[in-house]
Amino acid sequence: MSDLVLERTRKEFGSFVAVHDANLTFEAGKLTALLGPSGCGKTTLLRMIAGLESPTSGRIMLNGKDIAPIPAERRKFGMVFQSFALFPHLNVAQNVSYSLRIAGVSAATRRARAQELLELVQLGDKGRNRIGELSGGQRQRVAIARALAQEPEIFLLDEPMSALDAKLRNDMQMELRLLQQRLGITTIVVTHDQREAMSMADRIVVMSHGRIEQVGTPQEIYHRPANAFVASFIGNANLLKGVSTGRGVQLGAAEFAVHHHGGFGAGEPVTLLCRPEAVRLSEGAPATNGLPGRVTFVRDEGVAREIHLDTPAGHVTAEIPGSFNETVRIGDRLHAEFPAETLYLLPSTASEAA
Ligand code: ATP
């Protein structure tokens, strides 16, 4: 198992900084997701690790050694791209064992290794098929098997699921995760899909505009987001602008108690985070932490109903489980309650404070 460390790794394209000095440790044997919106620099970071781009400054260390002098083809890193990039003129087994052929491995060993890998990704009976005869999910598995052929030290995947439909994507996320855990291979997955990152990763690196906003487990990132950007990028979030009272938050005329206050001093502008599943709705006003609201939108999500309200403190979304509140209609007047133990105060960003 290999660990990989980025030390102030930076990438500039002309005067544009695609990745600001990044300090990151990818733990041996773990799956780390690089997550962020389009253009935030995650692919550039992955390409620098792969050796397809050179950092402008900083170092990338593999097991304590700077890998800068090692060209991409000599880094033993398996890569899976969004497009899978399989060779259509080769059959499935030949695709899987291609890198072994280039490395001069004998035909018999290549065949045995390809079969072993195809069994691993549940395609043991497809070795002789042509690529064009496979479904999207099967092609993705071939791409994974091919990347594993040379027993890579690090496994790098760039948006590996984006060509798959939602159901297949879900299945493949689970399969890939199980495979990664079984092999114990240090893995980095680039994705812009927060659900994908949450469901697969041991650790998530959230990026925005070339900067690392937060690194943590899925639970930490969801329950303890570092700022409003992370909170809104991971799951649904109610973010209400207010002012810290030292122990709680003032939202216009309303004052809320907040358990996770974050040490903000009285008078500091803050953003209040409340997840929609924590909001409670009632016809009468709750004793504390309540806001009156008017229903503006109702949506059934199967396991829950999403109810949107306009309140004096801003737009609020509540997620109510089961069929409860089936009678709620647009225009109804309700009260939203924000339980103190579910609330967090986050720093107010410059644009929010304005
Ligand atoms: P996406 O999910 O859309 O692929 P990303 O987060 O992976 O986005 P990158 O591909 O890393 O983002 O790109 C980061 C920024 O760097 C973008 O603004 C992009 O236009 C820019 N960029 C990437 N490669 C180059 C290049 N070779 N020359 C100039 N600018 C580049």
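Before any of the text, the structure's been laid out above.
Residue positions within a chain follow its written sequence, with the count starting from 1. Under the rules for a predicted model, residues below a pLDDT of 70 receive no local features and side-chain atom pairs below 80 are neither given nor counted, while totals for whole chains, interfaces and linings still include all residues. Hydrogens are left out, water is left out, and the side-chain values use all remaining heavy atoms of the structure.

Overview of the pattern of salt bridges
Quick note on the threshold: Salt bridges are identified by distance alone: a Lys or Arg side-chain nitrogen within 4 Å of an Asp or Glu carboxyl oxygen. Numbering of helices and strands starts at the N terminus; helices are DSSP runs of H or I of at least 4 residues and strands are runs of E of at least 2. Three exposure classes are used, based on accessible area relative to the maximum for each residue type with a 1.4 Å probe and protein chains only: buried under 20%, partly exposed in between, and exposed over 50%.
Per the stated rule, a full pass over the model turns up 18 salt bridges. Its salt-bridge partner being Glu7, residue Arg59 comes within 2.9 Å of it at the nearest N-O pair. One end of the pair, Arg59, is in strand β4 (residues 57-62); the other, Glu7, is in strand β1 (residues 4-13), and 52 residues separate them in sequence. A relative accessible area of 30% means that Glu7 is categorised as partly exposed. For Glu12, the salt bridge identified is with Arg10, shortest N-O distance 2.8 Å. Salt bridges linked by common partners bring Arg8, Arg10, Glu12 and Asp21 together as one network.

Topic: the sheet that holds strand β17 (residues 304-311)
As a reminder of what qualifies: When DSSP finds at least two bridges between two strands, those strands are taken to pair. Structural elements are reduced to axes, namely lines fitted to C-alpha atoms, with helices fitted over the stretch in contact, and the angle between N-to-C directions of any two is expressed from 0 to 180 degrees.
With antiparallel pairing, five strands are arranged side by side in an open sheet as β15-β19-β16-β17-β18. Of all the strands in the sheet, the pair left with one neighbour each is β15 (280-282) and β18 (314-321). The sheet shows a mean angle of 45° between the axes of neighbouring strands, direction not considered.

Considering the site of the ligand
Formally: The rule for a residue being near a molecule or strand is that one of its heavy atoms must lie within 4 Å of it. Side-chain atoms alone can form a polar contact between residues adjacent in sequence; in general such a contact is a pair of N or O atoms within 3.5 Å, and within protein one must be able to donate a hydrogen while the other accepts it. The method behind every accessible area is Shrake-Rupley, applied with a 1.4 Å probe, and residues are considered shielded solely by the protein chains displayed.
The local shell around the ligand consists of Phe13, Phe16, Ala18, Pro37, Ser38, Gly39, Cys40, Gly41, Lys42, Thr43, Thr44 and Glu159. Separating an oxygen atom of the ligand from a backbone N or O atom of Gly39 is a distance of 2.7 Å. Thr43 is positioned such that a nitrogen or oxygen atom in its side chain is 2.6 Å from an oxygen atom of the ligand. Contact with the protein chains removes 57% of the 640 Å² of surface that the ligand exposes when unbound. Broken down by secondary-structure element, the contributors of at least two residues to the shell around the ligand are β2 (16-26) and α1 (42-50). If you tally residues by element for the shell around the ligand, the top one is α1, at three residues.

Structural notes on the sheet that holds β2
Within a sheet, each strand pairs with its neighbour through backbone hydrogen bonds, oriented either parallel or antiparallel. Filter applied, for reference: A contact between two residues is defined here by any heavy atoms of the two lying within 4.5 Å.
As summarised here, the arrangement of the four strands in space is β2-β1-β4-β5, forming an open sheet in which the pairing is antiparallel. Where the open sheet ends on each side, the last strands, each with one partner, are β2 and β5 (65-66). In the sheet, β1 pairs with β4 via five bridges, with the strands oriented antiparallel. Looking across to β4, one finds that Leu6 is bridged to Ile60. Each of β1, β2 and β4 is contacted by α1, which is oriented at about 115° to β1, the strand it contacts most.

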